[in-house]
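A structural walkthrough
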Amino acid sequence: MADDEEHHPDTGQGRGEARAPHDVHLLQREHTPEAVRRRLARPNGGSHLRDFVYGAIDGTVTTFAVVSGVAGARLSATVVVILGVANLVADGFSMAVSNFLGSRAEEQQQARARREEQRHLDLVPEGEREEIRQIFAAKGFRGEQLERTVEVITGDRRVWLDTMMTEELGYAQRSSNPVRAAATTFVAFVAVGSLPLLVFLSDLAFTVEVAHPFAWSAGMTAVGFFAVGALKSRFVDQRGWTAGLETLAVGAVAAGLAFALGAALQGVA
């Protein structure tokens, strides 16, 4: 057993075996007919992970760009806060509206495609039936099994249409809510994007001068990047520290570009 654990650390052997019975029991409970019925009946608005990560990273980078530019020009903390907060609200709202309009456009495109597919079912049903046949033949269905599958799917117009939308056109049956997508982007933009400003806000609020505020701002920016990546790892198959470092590295490049631009324009103000 020791050899197996040494040579197969990622195959579920070794220490993973101790958890296997519990995991299997939990999965069995989640896949009883009643549990499956309840889970499938719940509304599913799609994942907004992309919206959160997009908003958080963009908010942090753009706010740090403001901090870099203003700090590079040696302006006061008041100017940093004013411009930073203005950036958070204006750019955050712009990002949210853009996300809403983009998601809405995808939703409208899918609705149009569905109407077009409905028209095809009305005008050329045999052609659409042949498409179903070839789709499932490509999946390995043959003979009587294939014909029975075609008969069952085309026997229910809604199922037929849903199948064409997913299998032929590649649309998901459930799309994300544009309003929720926009709200997620805005909240992430403001919440995480405010981190580079915290030291300047505290400086104004408590009237206590903080030594090296830009260094603190850069540190908080790095914390924000790492935290976003670590949070993302809870929803994807990736270790927390790996996802955190990945996001930190990408964010550091973007923040570095912002700092370099601020330094280059230092003499303008």
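Data block above holds the structure.
The structure contained in this document is the topic of the report that follows. (Residues numbered from 1 in each chain as written. Predicted model: local features only at pLDDT ≥ 70, side-chain atom pairs only at ≥ 80, totals over all residues. Heavy atoms only, no water.)

Points about the packing of aromatic side chains
Geometry of an aromatic ring pair is reported as the spacing of the ring centres plus the angle between the planes. In this structure the tally under the stated criterion is two aromatic pairs. With a centroid separation of 5.5 Å and an interplanar angle of 85 degrees, the aromatic rings of Phe136 and Phe141 are classed as edge-to-face. (Phe/Tyr/Trp six-rings, centres within 6.5 Å; stacked < 30°, edge-to-face > 60°.)

Some words on the nonpolar core
The tendency in soluble globular proteins is for nonpolar side chains to be buried as a group. Judged by nonpolar contacts, Val66, Val67, Val70, Ala77, Val80, Val81, Leu88, Met95, Phe189, Leu197, Val199 and Phe200 together constitute the single largest core of twelve residues. At the level of secondary structure, the elements contributing two or more residues to this core comprise helix H4 (49-72), helix H5 (77-123) and helix H10 (198-206). In terms of residue count, H5 provides more of this core than any other element does, five residues in total. Once residues lying within four places of it in the same chain are set aside, the contact partners of Leu197 are Thr63, Val67, Val80, Gly84, Val85 and Leu88. Membership of the second largest hydrophobic core comes to ten residues, among which are Ile135, Phe136, Ile153 and Trp160. (Core = buried A, V, L, I, M, F, W, Y, C linked by side-chain atoms within 4.5 Å. Buried < 20%, exposed > 50% of the residue type's maximum accessible area, 1.4 Å probe, protein only. Helix = DSSP H or I, 4+ residues; strand = E, 2+ residues; numbered from the N terminus. Contact = heavy atoms within 4.5 Å.)

A closer look at the side chain of Thr163
Mapped onto the secondary structure, Thr163 falls in helix H8 (residues 157-168). With sequence-adjacent residues up to four places away left out, Thr163 is seen in contact with Ile132, Phe136, Ile153 and Glu168.

With respect to the environment of Val61
Relative to the helices and strands, Val61 resides in helix H4. Take Val61: its relative accessible area is 16%, and that puts it in the buried class. Sequence spacing of Val61 and Gly251 is 190 residues, and the spatial spacing of their C-alpha atoms is 7.1 Å.

A word on the pattern of salt bridges
Tallied over the entire structure, the rule returns eleven salt bridges. Where Arg119 meets Glu116, a salt bridge forms, and the shortest distance between an N and an O atom there is 3.0 Å. Of this pair, Arg119 and Glu116 both sit in helix H5, three residues apart, roughly one helical turn. The class of Arg119 is partly exposed, set by a relative accessible area of 43%. (Salt bridge = Lys/Arg side-chain N within 4 Å of Asp/Glu carboxyl O.)

Considering a nonpolar patch on the surface
Judged by side-chain polarity, Phe93, Val97, Phe100, Leu101, Val179, Phe186 and Val187 come together as a nonpolar surface patch covering roughly 620 Å² of accessible area. Every element with two or more residues in the nonpolar patch is listed here: H5 and helix H9 (178-193). Per element, the largest residue contribution to the nonpolar patch is four residues, and it comes from H5. With respect to the helices, strands and loops of the structure, Phe100 is situated in helix H5. (Patch = residues over 30% accessible without salt bridge, like charges linked within 9 Å, V, L, I, M, F, W, Y side chains within 5 Å. Areas by Shrake-Rupley, 256 points an atom, 1.4 Å probe, with all protein chains shown as cover.)

Here we look at the packing of helix H6 (residues 125-137) against helix H7 (residues 143-154)
The interhelical angle for the contact between H6 and H7, taken along N-to-C directions, is 130 degrees, at an axis separation of 9 Å. Considering their axes alone, H6 and H7 lie oblique with respect to each other. Of the two elements, H6 crosses H7, and the hand of that crossing is right-handed. Of H7, the residues touching H6 (which contributes Arg129, Ile132, Arg133, Phe136 and Ala137) are Leu146, Glu147, Thr149, Val150, Ile153 and Thr154. Across the contact of H6 with H7, the residue classes tally to six nonpolar, two polar and three charged. (Axes fitted to C-alpha atoms, helices over the stretch in contact; angles between N-to-C directions. Parallel < 35°, antiparallel > 145°, perpendicular 65-115°, else oblique. Left-handed = near helix turned anticlockwise from the far one by under 90°. Nonpolar A, V, L, I, M, F, W, Y, C, P; charged D, E, K, R; others polar.)

Concerning the packing of H5 against H10
Taken N-terminus to C-terminus, the directions of H5 and H10 make an angle of 125 degrees; their axes are 9 Å apart at the nearest point. Relative to H10, the element H5 lies oblique. Seen along the crossing, H5 lies across H10 with a hand that is left-handed. Across the interface between the two elements, Ala77, Thr78, Val80 and Val81 of H5 pack against Phe200, Leu201, Asp203 and Leu204 of H10. Counted by class, the contact of H5 with H10 contains six nonpolar, one polar and one charged residues.

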